[in-house]
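Structural characterization, general
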Amino acid sequence: MIRSFIRNLVGGPFAPQMRRFVIVGIVAAGIQMVLLWAFVDVAGVNYLLGAVIAIEITIVLTYVANNAWTFRARRNDWAVEYLIGLVKTNLVRGTAIPIQLAVLYAFVEWGGLSYLLANAIAIGVSGLYRYVLDARWTWRR
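1. Observations regarding helix 5 (residues 115-138)
In a regular helix each residue adds 1.5 Å, so 24 residues correspond to 34 Å; helix 5 covers only 30 Å between its end C-alpha atoms and thus falls short of that length. Those residues of helix 5 lying buried are Tyr115, Ala118, Asn119, Ala122, Ile123, Ser126, Gly127, Arg130, Tyr131, Asp134, Ala135 and Thr138. Buried positions along helix 5 lie against helix 2 (15-42), helix 3 (47-70) and helix 4 (79-110).

What follows is the structure, encoded as structure tokens:
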């Protein structure tokens, strides 16, 4: 079952879309990591609060990129449609924030990892969840 799922991601009908989603996600994760570092190490903000702010900024950035590239065949073009999509992706990704923060907190406080490494793991854990909901709801036709 898992092997079939992975095979479909690599060569199935949704493989190009999934690859674009992953590329956008990797770029956004890098931006999120830099923002988190800046909020915590430069501005002195608590790492959990810094994560929430960095996540919200990257939610908007990923929506713009995913709408233009990943889901271009189903992109939201009209102003109202675009804003509704932005609200939807905020709801989808907003529901992923507690997952990401819980993983971040657990790895920092209980696992002893640095907040940046823990955040990278948390981004990966919540990534599939975000893809499934965005693909099925935000850009659904």
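So that's the structure; there's more coming.
2. Concerning the layout of surface pockets
Its boundaries defined by the atoms lining it, the largest pocket holds a volume of some 420 Å³. Taken together, 26 residues line the largest pocket, and the ones lying closest to its centre are Phe21, Gly25, Ile123, Gly127 and Arg130. Contributions of two or more residues to the lining of the largest pocket are made by helix 1 (2-11), helix 2, helix 3, helix 4 and helix 5. At nine residues, the largest contribution of residues to the lining of the largest pocket is made by helix 2. Its residues assigned to classes, the lining of the largest pocket comprises 16 nonpolar, eight polar and two charged.

3. A word on the side chain of glutamine 32
Counting through the fold element by element, glutamine 32 comes out in helix 2. Classification of glutamine 32 by relative accessible area gives buried; the value is 6%. Within the structure, glutamine 32 has its side chain in polar contact with the side chain of asparagine 119 (distance 3.2 Å).

4. Quick look at the environment of methionine 33
You can see methionine 33 is positioned in helix 2. For the pair formed by methionine 33 and alanine 51, sequence separation is 18 residues and the distance between their alpha carbons is 8.7 Å. When residues no more than four places from it in sequence are discounted, the contact partners of methionine 33 are Leu116, Asn119, Ala120 and Ile123.

5. So, a nonpolar patch on the surface
Taken together, the side chains of Ile23, Val27, Ile31, Leu49, Ile53, Ile57, Leu61 and Trp69 make up a nonpolar region of the molecular surface, amounting to roughly 650 Å² of accessible area. Take the nonpolar patch: its biggest share by element is five residues, from helix 3. Along the polypeptide, isoleucine 53 turns up in helix 3.

6. Some details on the packing of helix 2 against helix 5
At a closest axis distance of 10 Å, the pairing of helix 2 and helix 5 adopts a crossing angle of 145 degrees. Note on packing geometry: the crossing formed by helix 2 with helix 5 is right-handed. Of the residues in helix 5, those in contact with Gln17, Met18, Phe21, Ala29, Gln32, Met33, Leu36, Trp37, Val40 and Asp41 of helix 2 are Tyr115, Leu116, Asn119, Ala120, Ile123, Gly127, Leu128, Arg130, Tyr131 and Asp134. Classifying every residue of the contact of helix 2 with helix 5 by side-chain character gives 13 nonpolar, four polar and three charged.

7. Notes on the packing of helix 2 against helix 3
Direction vectors running N to C along helix 2 and helix 3 enclose 150 degrees, while the axes themselves pass 8 Å from each other. As summarised for this structure, helix 2 and helix 3 are arranged roughly antiparallel, according to the angle between their axes. Where helix 2 crosses over helix 3, the two elements pack in a sense that is right-handed. Taken together, the residues of the contact of helix 2 with helix 3 sort by class into 18 nonpolar, seven polar and one charged.

8. Digging into the nonpolar core
Of all hydrophobic cores here, the largest spans 16 residues; its most connected members are Leu36, Tyr47, Ala51, Leu104, Val108 and Tyr115. Of all elements in the fold, only helix 2, helix 3, helix 4 and helix 5 reach the threshold of two or more residues within this core. Formed by five residues, the second largest nonpolar core is a distinct cluster that contains Met18, Phe71, Tyr131 and Ala135.

The rules behind the values
Residues numbered from 1 in each chain as written. Predicted model: local features only at pLDDT ≥ 70, side-chain atom pairs only at ≥ 80, totals over all residues. Heavy atoms only, no water. Helix = DSSP H or I, 4+ residues; strand = E, 2+ residues; numbered from the N terminus. Expected span 1.5 Å × (residues − 1). Buried < 20%, exposed > 50% of the residue type's maximum accessible area, 1.4 Å probe, protein only. Contact = heavy atoms within 4.5 Å. 1 Å grid on protein atoms, 1.4 Å probe; cavity = no way out; pocket = protein on both sides within 12 Å on 5 of 7 lines; lining within 4 Å. Points joined across faces, edges and corners; volume = space filled by probe spheres on them. Nonpolar A, V, L, I, M, F, W, Y, C, P; charged D, E, K, R; others polar. Polar contact = N/O pair within 3.5 Å; in protein donor to acceptor, adjacent residues only side chain to side chain. Patch = residues over 30% accessible without salt bridge, like charges linked within 9 Å, V, L, I, M, F, W, Y side chains within 5 Å. Areas by Shrake-Rupley, 256 points an atom, 1.4 Å probe, with all protein chains shown as cover. Salt bridge = Lys/Arg side-chain N within 4 Å of Asp/Glu carboxyl O. Axes fitted to C-alpha atoms, helices over the stretch in contact; angles between N-to-C directions. Left-handed = near helix turned anticlockwise from the far one by under 90°. Parallel < 35°, antiparallel > 145°, perpendicular 65-115°, else oblique. Core = buried A, V, L, I, M, F, W, Y, C linked by side-chain atoms within 4.5 Å.

Bear in mind that shape data such as this cannot, by itself, settle questions of function.
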